[in-house]
2 protein chains.
Amino acid sequence: MKIYVVGIGPGGLAFMTPQAKAAIESSQVVVGYTVYVDLVKELTLGKEVLSTPMKKEVDRCRLALESALDNKTVAFVCSGDAGVYGMAGIMLQVAENHPEVEIEIVPGITAACSGAALLGAPLIHDFAVISLSDLLTTWELIEKRLRLSAEADMSVVLYNPKSKKRCDYIDRAVKIMSEFKSMDTPAGYVKNIGRDGQKVVICTMKDLINNDDIDMFTTAFVGNSTTEIINGKMVTPRGYKNV
Amino acid sequence: MKIYVVGIGPGGLAFMTPQAKAAIESSQVVVGYTVYVDLVKELTLGKEVLSTPMKKEVDRCRLALESALDNKTVAFVCSGDAGVYGMAGIMLQVAENHPEVEIEIVPGITAACSGAALLGAPLIHDFAVISLSDLLTTWELIEKRLRLSAEADMSVVLYNPKSKKRCDYIDRAVKIMSEFKSMDTPAGYVKNIGRDGQKVVICTMKDLINNDDIDMFTTAFVGNSTTEIINGKMVTPRGYKNV
């Protein structure tokens, strides 16, 4: 009667903690979106594997819950961290009327951290993490968060910068942030982190506009007013002087 | 001539990725603050270990750089993630005039993610990460970021909520955020994540004030206006309806 909600990190097993690996290994059932289950395939051999298509998050949680109520130990795998736009919240919501089911959240490396590492050090100081997906949030609230984060001079990480239906959202986001951030602010983006086709680009904020390279598998980063490019890396100082 | 800046995660080896472990194993020299080097002691056997006291960050980077220039491979270890208030930025700054030294940042699980997992799912939607340390930042800027993040109705993670000299900073932070967040907003804090003495507390924002339990080894979390407590866990919904 236990569900582990497991963040597997950005890609293959090299980015997954031993805690996450042990959680999957100790489970009889593995639940997840097909692509993520495939990333941990070698850990799922001999286990019952239940997956549902994209966007069927609630169904996936119900599958996990039913297996747990059937006295099985379940590993519910998510890409990145289970707690950052991940399945931890919805799983706790779906299981609300079953407090007898133990739910343990196992953290993983989220794209803010794995992407930042590839770009250099853009998040060394205060930052905001904002998703541009308006499937479950109003665009007005997203705009407000972008504007206030830019006014606060925080570095900003943009999850879900684009999709087929939302191809100009990152353009709109950059224009809003430009009320408070210079268009020449160092920026960057990372595609397919830790997977085939990984691509790392360092640029300025204005280069994020009309950029066909950015897609739904991209995470974008915008620095603060002190961010600089050092030897091709994006660096936000914490404030150390006299280096 | 290579320096890995390695995020070792919150505590012991269970929270460190294979990528981080491999980076340390492939290095001849391990540099870091004594406490963090001790957390990975079993990986440092037979290696040259260089450590400096707390607050000597620039000195530590110079030690790492000197070893790299001496043609050694160096693992510079940090607690949590190397890129979130970590050493990645200062290392890139210190090595600015030595582009021949390759610097690879290896991400780890930061306290925002490891702490969130212990509390439930407070960071499922947009959030801000803010440090209350004013050693390297003005308090005015910290206040501004707190106020605007609260106005944006983001969940907020507070790093360095207190120190011996800054024992009322979290009280001041909560009061500022209360301009836009209800004092009854679900909140929580986690001490000594992944280490001896780990403690997890779920409460409301007002309970963070005058709280002697919160110290410099604590990370504090405040939800947004939709955050709720479900079966003793802090949950910020992403917006899924009809669960």
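Quick note: structure is the one above.
The text that follows walks through the structure, step by step, so that each part is easy to find. (Residues numbered from 1 in each chain as written. Chains lettered and ligands numbered in written order. Predicted model: local features only at pLDDT ≥ 70, side-chain atom pairs only at ≥ 80, totals over all residues. Heavy atoms only, no water.)

### Some thoughts on the environment of Leu-208 of chain B
Residues and elements named next belong to chain B. The condition that has to hold: Per the convention used, a helix needs a DSSP run of H or I reaching at least four residues, while a strand needs a run of E reaching at least two, with both numbered from the N terminus. It only takes one pair of heavy atoms within 4.5 Å for two residues to be counted as in contact.
You can see Leu-208 is positioned in the loop between β10 (199-204) and β11 (218-222). Linking Leu-208 and Pro-161, residues 47 residues apart in sequence, is a C-alpha distance of 9.9 Å. Ignoring any residue separated from it by four or fewer positions in sequence, one finds Leu-208 in contact with Ile-170, Asp-171, Val-174, Ala-187, Gly-188, Tyr-189, Cys-203, Ile-214 and Val-222.

### A closer look at the relation of the copies chain B and chain A
Turning one copy of the chain about an axis and sliding it along that axis gives the other copy, so a rotation and a shift relate them. Basically, it comes down to this: In superposing the copies, a least-squares fit is computed on C-alpha atoms, taking residues whose pLDDT is at least 70 in both.
Aligned on chain A, chain B shows an RMSD of 0.0 Å; the corresponding rotation is 180° and the shift along the axis is 0.0 Å. On the angle and the small slide along the axis, the relation comes out as a two-fold axis.

### Overview of the interface of chain B and chain A
Spelled out, the test is: Accessible area that two parts lose when put together, evaluated with a 1.4 Å probe and summed over both, is termed the buried area. Think of a salt bridge as a Lys or Arg side-chain nitrogen and an Asp or Glu carboxyl oxygen that are within 4 Å of each other. Each polar contact in these results corresponds to two N or O atoms within 3.5 Å; when the atoms are within protein, one needs to be able to donate a hydrogen and the other to accept it, and residues that are neighboring in sequence are counted only if both atoms are side-chain atoms. Charged means Asp, Glu, Lys or Arg here, nonpolar means Ala, Val, Leu, Ile, Met, Phe, Trp, Tyr, Cys or Pro, and polar covers whatever is left, Gly included.
On the side of chain A, 71 residues touch chain B, which itself brings 71 residues to the contact. Between chain B and chain A, roughly 6,000 Å² of surface is buried when both sides are summed, and carbon and sulfur atoms account for 62% of that area. For the pair chain B and chain A, the number of links is two salt bridges. Here Asp-126 of chain B ties to Arg-145 of chain A by a salt bridge, and the two come within 2.9 Å at their closest N and O atoms. On the surface where chain B and chain A come into contact, there are 28 residue pairs in polar contact (both at pLDDT 80 or more). Partitioning the side of chain B that touches chain A into residue classes produces 39 nonpolar, 20 polar and twelve charged.

### Comments concerning helix α6 (residues 139-151) of chain B
To keep things clear, this is the line we draw: By definition here, a helix of n residues has an expected span of 1.5 Å times n minus one.
Here α6 of chain B is 13 residues long and its end C-alpha atoms lie 18 Å apart, about the 18 Å a rise of 1.5 Å per residue gives. Residues of α6 of chain B that are buried in the fold lie against α6 (139-151) of chain A together with β7 (127-131), β8 (155-159) and α7 (169-177) of chain B.

### Let's talk about the pairing of strand β9 (residues 186-191) of chain A
All names here are of chain A. The following threshold applies: Only protein chains enter the accessibility calculation, which uses a 1.4 Å probe. A residue is then buried if its area is under 20% of the maximum for its type, exposed if over 50%, and partly exposed in between. For two strands to be treated as a pair, DSSP must find at least two bridges joining them.
Counted residue by residue, β9 has six buried out of six residues, so it is predominantly covered. Because side chains alternate across β9, one face comprises the buried residues Pro-186, Gly-188 and Val-190, and the other comprises Ala-187, Tyr-189 and Lys-191, equally buried. Sheet topology places β9 next to strand β10 (residues 199-204); six bridges connect them, and they run antiparallel. When the sheet's bridge partners are listed, Pro-186 is paired in β10 with Thr-204.

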